[in-house]
Amino acid sequence: MKKTESASSPLLKIMERRRSVRRFLDAPVERDKIVACLEAARLAPSAENAQPWRFVVIDDPQVKDAFCREAFGGLYGPTRFAERAPVIVLILSKTEFRTHRLGQRIQGIPFQLIDAGIAGEHLVLRAAELGLGTCWIGWFNTRRTRRFFRISKRYKIAGLIAMGTAEPREGKERKRKALEEIAFFNRFQG
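What you see is a predicted model, and the numbers here were worked out from it, not measured in a lab.

Student: Residues and numbers for the overall build of the chain, please.
Tutor: A count of helices and strands for the chain gives seven helices and four strands. In the chain, the succession of α and β elements from N to C terminus is α-α-β-α-β-α-α-β-α-β-α. Relative to a compact globule of 190 residues, whose C-alpha radius of gyration would be 16 Å, the chain shows 18 Å and is just as compact. Dimensions along the principal axes, computed over C-alpha positions, put the chain at roughly 50 × 45 × 35 Å. Taking all 190 residues of the chain together, the buried fraction comes to 36%. The contacts of the chain with a sequence gap of at least 6 include a subset with a gap of at least 24, amounting to 76%. Accessible area for the chain stands at about 12200 Å²; split by element, carbon and sulfur atoms hold 52% of it. Side chains of the chain give 36 positive and 21 negative charges; the mean places of these two sets differ by 7 Å.

Student: I'd like to hear about unusual backbone geometry, residue by residue, with values.
Tutor: The phi dihedral of E48 falls on the positive side, at around 55°, and the residue is not glycine. Relative to the assigned elements, E48 resides in the loop between α2 (31-42) and β1 (53-58). Given the relative accessible area of 65%, E48 is considered exposed. Of note in this structure, Q51 is not a glycine but carries a positive phi near 50°. Structurally, the position occupied by Q51 is in the loop between α2 and β1. Residue Q51 is classed as partly exposed on the basis of its relative accessible area of 31%.

Student: Let's hear about the nonpolar core: which residues, and what values?
Tutor: Judged by nonpolar contacts, the single largest core of 21 residues is most densely connected at F67, F72, A82, I88, I137, F140 and L160. Put simply, the parts of the chain that give this core at least two residues each are α3 (61-71), β2 (87-94), β3 (133-137) and β4 (155-164). In terms of residue count, β4 provides more of this core than any other element does, four residues in total. Apart from residues lying up to four places away in sequence, I88 is in contact with V56, V57, I58, K64, F67, C68, F72, A82, L160 and I161. Counting 17 residues, the second-largest nonpolar core is a separate cluster that includes V29, L123, A127 and M163.

Student: Give a description of the environment of I34 that names residues and reports values.
Tutor: If you trace the backbone, I34 turns up in helix α2. With residues up to four places along the chain from it excluded, the contact list for I34 reads V29, V57, D59 and V87.

Student: How would you explain the pairing of β2 if you had to name every residue and give the values?
Tutor: Of all eight residues that make up β2, eight are buried, and the element is covered over most of its length. Both faces of β2 are covered, namely the face carrying V87, V89, I91 and S93 and the face carrying I88, L90, L92 and K94. Here β1 pairs with β2 via six bridges, running antiparallel. Bridge pairing in β2 places W53 opposite S93. Here β2 runs beside β4; their pairing, made up of eight bridges, is antiparallel. Of the residues in β4, the one forming a bridge with K94 is Y155.

Student: Please provide a residue-by-residue account of the pairing of β4, values included.
Tutor: Summarising burial for β4: eight of the 10 residues are buried, a large majority. The pairing of β3 with β4 spans five bridges and is antiparallel. The residue of β4 that forms the bridge with G133 is G164.

Student: Go over the sheet that holds β3 with me, naming the residues and quoting the values.
Tutor: Taken together, four strands build an open sheet; the order of strands is β1-β2-β4-β3 and the sheet is antiparallel. On the outer flanks of this sheet lie β1 and β3, each paired with one strand and no other. When the angles between neighbouring strand axes are averaged without regard to direction, this sheet yields 25°. In the packing of helix α6 (residues 142-149) onto the sheet, the strands contacted are β1, β2 and β4, and the crossing angle to β4 comes to about 90°.

What counts, and at which threshold
- Residues numbered from 1 in each chain as written.
- Predicted model: local features only at pLDDT ≥ 70, side-chain atom pairs only at ≥ 80, totals over all residues.
- Heavy atoms only, no water.
- Helix = DSSP H or I, 4+ residues; strand = E, 2+ residues; numbered from the N terminus.
- Rg over C-alpha atoms; globule rule 2.2 N^0.38 Å.
- Buried < 20%, exposed > 50% of the residue type's maximum accessible area, 1.4 Å probe, protein only.
- Contact = heavy atoms within 4.5 Å.
- Areas by Shrake-Rupley, 256 points an atom, 1.4 Å probe, with all protein chains shown as cover.
- Lys, Arg positive; Asp, Glu negative; His and termini not counted.
- Charge placed at Lys NZ, Arg CZ, Asp CG, Glu CD.
- Core = buried A, V, L, I, M, F, W, Y, C linked by side-chain atoms within 4.5 Å.
- Pairing = 2+ DSSP bridges.
- Axes fitted to C-alpha atoms, helices over the stretch in contact; angles between N-to-C directions.

What follows is the structure, encoded as C-alpha cells:
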C-alpha cells in the first residue's frame, strides 16, 4: 500500500499535525474557540443518533485548581501536567439508551464510550485547526471527579481533554506503524 497524499486534504494535514500536548503556555483560551470545539463535538455521529455525550468545561482557574487537586492526587500524579492547561473538558456519556445497553449486553461493546470517543476526537481535531493543543486523559480519579461535580450514575465518565496553547517545541516526528502492518483487504493477518 502506498502512503496517501495529504497535499490536497486540509483535514489530513490537521490530523498529521495534531499531537498530545503536555506543556501549555500560561494563556487563556478564548470562549469562542471553546464553543467552536464543542460545536464540532456536537456534530459527531452516534449509535442510533442517541447523542449521549455531555461536556463539562472547566476554565475558571479556581474551579480548575480545586478539581485538579481531586482528580490528579496520589496514584494519579503522573497526569498532573493537566493542571497547567487553561481548559479541561470532562466528557460524560449518558448510559440510559436502550441501544447502548443492548450493544453492551449482546456485542460486549460499550457503544456509549465509542460515541463519546468520536465526539471527543471531533473536539480535538477542531482545536488543532484553531491552533490549540490538546491531550486526552484517561488516568485520573473518576470517583472523586464524579463527587466533585455531583455526577449521577446515569452518566459514565469517558475521559478528560486538557486544552490550551502548546509550548513551542522542536518537531519530533511521531512514529506510526506502516499501513501494511495495520490494514488488510479481504483478509486478516494477525
